[in-house]
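Reading the structure
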Amino acid sequence: MDNIININFLRDLILSQLNNKEINTVPDDVDLNSFCKLASLHQMEYILLNPLLSMDIDKNLKASISNRLARDTFIDLGQRQQINDITRNLEDYGIDFLIMKGSILKQIYPKSVMRQMGDIDLMIYDKTMNRSRELFKFMGYNLTESVKIHDVYHKDPFWIVEAHWSLFDKNVDKKIYDYYQTRRAILKEGTKSTYELSNEDFYVYMIAHMAKHFYENGCGIRNLVDIYVFLEHYKNEINYDKLEQELENCGLSTFEYQTRRLAYDWLECKELDELEQSLFYFMLDCGVYGKGENGFWSQYAKQDNNDNLDDVIKGKWLLFPPRSYMKEFYPKLEKHPSLLPFYWIWRGVKGLTNKESRKRHIELTKVDTAKARTIVDLYKNMGLDFTRSDNN
């Protein structure tokens, strides 16, 4: 969250790619080596680094960037081929499915490679997933794990597929989970098994998925570009009254408003207010996958008494958090508050034996109070009051 990145240059590079305009110079305050790392952190290498190839920069760095972008282009071509193969096989096999997220967004960027993605996401409308597992095996994919709401497949050299049996995790927010229990996708014209979302439903899901990551770990600035590109592409086709109502039904109105406002103000060269600046630099710091400790701050921001940040940073609060915090993870505490000491011990044992938990604890105790207060205030202003399902 250190404000050391020239965000105007960042914006200008993105707009140069979206609008096919050339940028000639690099500002004096930009360290291109750090900038390249930032592009990788956010999986935005092509859209941020491609404009640099036409500038007068170090020859070795230019060669390195050129090689990276060639690899990105190869991966993009391969992913699109995999999507076509998967679509054809699922359609031929008669398995109802929905292509999701980045695979769809790629189609509305000026060049698909500008919207990089780590994996291919799709929804499988099959209660057991057995038929799709057989089909992915036939296509040369290996099922490596089944976690939360999806199967994860790998195929050499680079291909990763996440096949979902649910669009949203009930252990993140029950309201959005319930919203997606109704099949909102409609059968694509001329097909027997290929489903697609309306523009409004796709955007709501895009925001819901972004909100999930923001709430759990934080999320990166690529999401802002997605919002801008999507809304600009479909601005004359979206039913805004329907969209507003659906966002309200999912409890996403405030979050969507704040992220959309930032996306447009930043990319349309307007001055950012204090909240927008906090949100932008927070997202810039997160990268595409976020940081585990942010999940704690999102929960802490929901507590009635969230002013004593010193106790958190010193580790005291983390040892014995209040029931209001603990019941989010242990729902039985809602009806049985006397179990709180037991769950403190249970939580402590799990934390000591889990590498990620230990790392998150260390990171929380390293943050300074001012930065922590900025993050907590930011979460308060984003309007995400996620409530987990009781069926834990």
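Note that this is a predicted model, so its numbers are computed, not measured.

Remarks on helix α2 (residues 32-41)
Every buried residue of α2 is listed here: Leu32, Phe35, Cys36, Leu38 and Ala39. Here the buried residues of α2 occupy an arc of 160 degrees about the axis, which is enough to place them on one side. Between the side-chain oxygen of the N-cap and the backbone nitrogen of Asn33 there are 3.0 Å, and the N-cap of α2 in question is Asp31.

A look at the nonpolar core
Counting 108 residues, the largest nonpolar core has Phe214, Phe230, Leu252, Trp266, Phe280 and Trp297 as the members making the most contacts within it. In terms of residues, this core owes the most to one element, helix α8 (residues 199-216), which gives eleven residues. In this structure Trp266 touches Ile7, Leu10, Arg11, Ile14, Ile221, Leu224, Val225, Leu272 and Phe280, once residues within four positions along its chain are discounted. Of all hydrophobic cores here, the second largest spans 20 residues; its members include Leu90, Phe97, Met117 and Trp159.

Details of the packing of aromatic side chains
One pass over the structure, following the stated rule, counts 28 aromatic pairs. Both rings, one in Tyr215 and one in Phe386, keep their centres 4.8 Å apart while their planes meet at 55 degrees; by these two values the pair is tilted. With Tyr215 in helix α8 and Phe386 in the segment after α19 (369-381), this residue pair connects regions lying 171 residues apart in the sequence. On the accessibility criterion, Tyr215 (6% relative accessible area) is buried. Residue classification places Phe386 among the buried residues on the basis of a relative accessible area of 2%. With a centroid separation of 4.9 Å and an interplanar angle of 55 degrees, the aromatic rings of Phe230 and Tyr234 are classed as tilted. For the pair formed by Phe230 and Tyr234, the shared burial category is buried.

Some thoughts on a nonpolar patch on the surface
A cluster of nonpolar side chains, contributed by Leu339, Phe342 and Trp346, occupies part of the molecular surface with about 300 Å² of accessible area. The exposure class of Trp346 is partly exposed, given its relative accessible area of 43%.

A few points about the environment of Phe158
Of note, Phe158 is situated in the loop between β4 (150-155) and β5 (159-164). What makes Phe158 partly exposed here is its relative accessible area of 30%. Counting along the chain gives 83 residues from Phe158 to Ile75, while the straight-line C-alpha distance between them is 7.4 Å. If we ignore the near neighbours within four places in the chain, the residues touching Phe158 are Arg71, Phe74 and Ile75.

Topic: helix α12 (residues 274-286)
Think of an α-helix as 3.6 residues a turn; residues three or four steps apart then line up on the same face. Here α12 spans 18 Å end to end across 13 residues, near enough to the 18 Å set by a 1.5 Å rise per residue. Backbone nitrogen of Leu275 and a side-chain oxygen of the N-cap are separated by 3.2 Å at the start of α12; the cap is Asp273. Two residues or fewer past α12, Gly287 is found with a positive phi of approximately 70 degrees.

Points about the pattern of salt bridges
This model, assessed by the stated rule, comprises 20 salt bridges. Residues Asp76 and Lys106 are paired through a salt bridge, measuring 2.4 Å at the closest nitrogen-oxygen approach. Note that Asp76 is positioned in helix α4 (residues 59-93) and Lys106 in the loop between α5 (102-105) and β2 (120-124), a separation of 30 residues in sequence. Residue classification places Lys106 among the buried positions, given a relative accessible area of 4%. As a salt-bridge pair, Lys327 and Glu334 come within 3.2 Å of each other at their nearest N and O atoms.

What to know about the pairing of β5
Most of β5 sits inside the fold, with five of its six residues counted as buried. Where β2 lies against β5, four bridges are found, and the strand directions are parallel. Bridge pairing links Asp121 to Glu162 in β5. When β4 meets β5, the two strands line up antiparallel, connected through six bridges. When the sheet's bridge partners are listed, His154 is paired in β5 with Ile160. Here β4 folds back onto β5, and the loop between the two strands holds three residues.

Criteria and thresholds
Residues numbered from 1 in each chain as written. Predicted model: local features only at pLDDT ≥ 70, side-chain atom pairs only at ≥ 80, totals over all residues. Heavy atoms only, no water. Buried < 20%, exposed > 50% of the residue type's maximum accessible area, 1.4 Å probe, protein only. Helix = DSSP H or I, 4+ residues; strand = E, 2+ residues; numbered from the N terminus. Arc of directions from axis to C-beta. Polar contact = N/O pair within 3.5 Å; in protein donor to acceptor, adjacent residues only side chain to side chain. Core = buried A, V, L, I, M, F, W, Y, C linked by side-chain atoms within 4.5 Å. Contact = heavy atoms within 4.5 Å. Phe/Tyr/Trp six-rings, centres within 6.5 Å; stacked < 30°, edge-to-face > 60°. Patch = residues over 30% accessible without salt bridge, like charges linked within 9 Å, V, L, I, M, F, W, Y side chains within 5 Å. Areas by Shrake-Rupley, 256 points an atom, 1.4 Å probe, with all protein chains shown as cover. Salt bridge = Lys/Arg side-chain N within 4 Å of Asp/Glu carboxyl O. Expected span 1.5 Å × (residues − 1). Pairing = 2+ DSSP bridges.

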